[in-house]
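Each chain, written out:
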Amino acid sequence: MLSRAPVPWQAKYLALALIWGSSFLLMKVSLHAFSAVQIAAWRLACGFVTLALLAALSPGRRVRLPRGPKVWVHLQVTAFLLGTLPFTLFALSQTRVASALAGVGNAITPVATVLCSLALLRTESLPWHKVAGVVIGFGGVLMVLQPWQSAGRPDALGFGMALAGGSSYALGWTYNRRYLAACDLGGLAQPMAVLLLAGLQMIPVLLTWWLWIADVAAPWSLQVGPRDAVLPLAAVTALGVLGTGVAYAFQFLSLIHISEPTRRTPISYAVFCL
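This one's a predicted model, so the numbers in the text were calculated from it and none came from an experiment.

### What to know about the overall build of the protein chain
Consideration 1: For the protein chain, the helix and strand inventory stands at 10 helices and 0 strands.
Consideration 2: In the protein chain, the succession of α and β elements from N to C terminus is α-α-α-α-α-α-α-α-α-α.
Consideration 3: Total accessible area computed for the protein chain in this model is approximately 14,200 Å², and 68% of it derives from carbon and sulfur atoms.

### Some thoughts on the packing of aromatic side chains
Note on aromatic pairs: each is described by the distance of the centres and the angle between the planes.
Consideration 1: Counting across every chain of the model gives 3 aromatic pairs.
Consideration 2: Relative to tyrosine 169, the ring of phenylalanine 90 has its centre 5.6 Å away and its plane inclined at 40°; by these criteria the two rings are tilted. Taken together, the residues span a long stretch of sequence, with phenylalanine 90 in helix 3 (residues 69–93) and tyrosine 169 in helix 7 (residues 156–179) at a distance of 79 residues.
Consideration 3: On the basis of relative accessibility, which here comes to 1%, the residue phenylalanine 90 falls in the buried class.
Consideration 4: An aromatic cluster of at least three residues, connected via ring pairs, comprises Phe24, Phe90 and Tyr169.
Consideration 5: Positioned above the aromatic ring of phenylalanine 87 is the side chain of arginine 43, whose terminal nitrogen or guanidinium carbon lies 3.7 Å from the ring centre.

### Observations regarding the pattern of salt bridges
Consideration 1: If you walk through the whole model with that rule in mind, you get 1 salt bridge.
Consideration 2: The closest approach of N and O atoms between arginine 96 and aspartate 155, which form a salt bridge, is 2.8 Å. Taken together, the positions of arginine 96 in the loop between helix 3 and helix 4 (99–106) and aspartate 155 in the loop between helix 6 (128–145) and helix 7 put the pair 59 residues apart, joining distant regions of the chain.
Consideration 3: The class of aspartate 155 is partly exposed, set by a relative accessible area of 27%.

### Observations concerning the environment of valine 97
Consideration 1: Tracing the backbone shows valine 97 in the loop between helix 3 and helix 4.
Consideration 2: Under the relative-accessibility criterion, valine 97 is labelled buried at 5%.
Consideration 3: Between the C-alpha atoms of valine 97 and alanine 156, which are 59 residues apart in sequence, the distance is 9.1 Å.
Consideration 4: Discounting residues that sit within four places of it in the chain, valine 97 has contacts with Lys28, Ala102, Asp155, Gly158 and Phe159.

### Digging into the environment of leucine 121
Consideration 1: Structurally, leucine 121 is set in the loop between helix 5 (109–120) and helix 6.
Consideration 2: Note on leucine 121: relative accessible area 9%, which makes it buried.
Consideration 3: Placed 54 residues apart in sequence, leucine 121 and tyrosine 175 show a C-alpha to C-alpha distance of 8.7 Å.
Consideration 4: Among residues more than four places away in sequence, those in contact with leucine 121 are Cys116, Thr174, Arg177 and Arg178.

### Re helix 5
Consideration 1: For helix 5, which comprises 12 residues, the first-to-last C-alpha distance of 16 Å matches the rise-based estimate of 16 Å (1.5 Å per residue) to within 8%.
Consideration 2: Thr109, Val111, Ala112, Thr113, Val114, Cys116 and Ser117 are the residues of helix 5 that are buried.

### Examining a nonpolar patch on the surface
Consideration 1: On the surface, Leu200, Ile203, Leu207, Leu211, Trp212 and Ile213 cluster together into a nonpolar patch covering about 700 Å² of accessible area.
Consideration 2: For isoleucine 203, the location among the structural elements is in helix 8 (residues 189–212).
Consideration 3: Taking relative accessible area as the criterion, isoleucine 203 reaches 45% and is therefore assigned partly exposed.

### Some points on the nonpolar core
Consideration 1: With 50 residues, the main nonpolar core has Met27, Ile39, Leu75 and Tyr248 as its most contacted residues.
Consideration 2: Every element with two or more residues in this core is listed here: helix 1 (9–30), helix 2 (36–57), helix 3, helix 4, helix 7, helix 8 and helix 9 (230–255).
Consideration 3: Examining the composition of this core, we find that 9 residues originate from one element, helix 8, more than from any other.
Consideration 4: Every residue in contact with leucine 75, bar those within four places of it in the chain, is listed here: Pro66, Leu180, Gln190, Ala193, Val194 and Leu197.

So, how was this worked out
- Residues numbered from 1 in each chain as written.
- Predicted model: local features only at pLDDT ≥ 70, side-chain atom pairs only at ≥ 80, totals over all residues.
- Heavy atoms only, no water.
- Helix = DSSP H or I, 4+ residues; strand = E, 2+ residues; numbered from the N terminus.
- Areas by Shrake-Rupley, 256 points an atom, 1.4 Å probe, with all protein chains shown as cover.
- Phe/Tyr/Trp six-rings, centres within 6.5 Å; stacked < 30°, edge-to-face > 60°.
- Buried < 20%, exposed > 50% of the residue type's maximum accessible area, 1.4 Å probe, protein only.
- Lys NZ or Arg CZ within 6 Å of the ring centre and 35° of its normal.
- Salt bridge = Lys/Arg side-chain N within 4 Å of Asp/Glu carboxyl O.
- Contact = heavy atoms within 4.5 Å.
- Expected span 1.5 Å × (residues − 1).
- Patch = residues over 30% accessible without salt bridge, like charges linked within 9 Å, V, L, I, M, F, W, Y side chains within 5 Å.
- Core = buried A, V, L, I, M, F, W, Y, C linked by side-chain atoms within 4.5 Å.

The following block contains the structure:
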């Protein structure tokens, strides 16, 4: 029986970039029928169900969720930084700016990763090419935001939420590397735990939005009629299945073990989205 050659990490990296790069367009389409909070909640739910199905279909691989209160505390923080906060911020940002601009804001992720690594990972160094990358990255953000212009510049709040979402990814992955790298959760256990906790965190957010902000009958109520909701529903489901469930499985199983530090940080995929 012939053994298949392993897929190069560069190909997996590019595939993940394409999946997450298209997520911004899917979010924009979803906003025609869903609120930003609903999108984040549905995305997390579909992502967790996708991972559960992938785990069930994996022969001979029984997924065991982590044990120990300390690990679950760290997972709560990771879930908030990698799921609850950025998913909500990215959807909210696109209520004010175009999806392409939100994707550009997400490109702050590798720049923020370098800074977070310096702050939280004491073994990380800052060679000249990383310094140059940080400077160029911040320069690019300023060129997009154009704070010196009085007119024609993008909405500062919308673009700022996209920047905050990308920075949340950076902080989340750096936090994960520092506090959970030694915990061998195995297979899909860690991404399932992260999406499960992020989904639970979204429940009070969704209820608060419904009770105090939204003008709908129920937290799951659509903002358009059933006929007009077909495409947005397909988009948000694809966002959850592909842009969350499949992407997280791909990320945790394939890219988290890359040896080079700058490549091992999976969220550096954002540089491809430009």
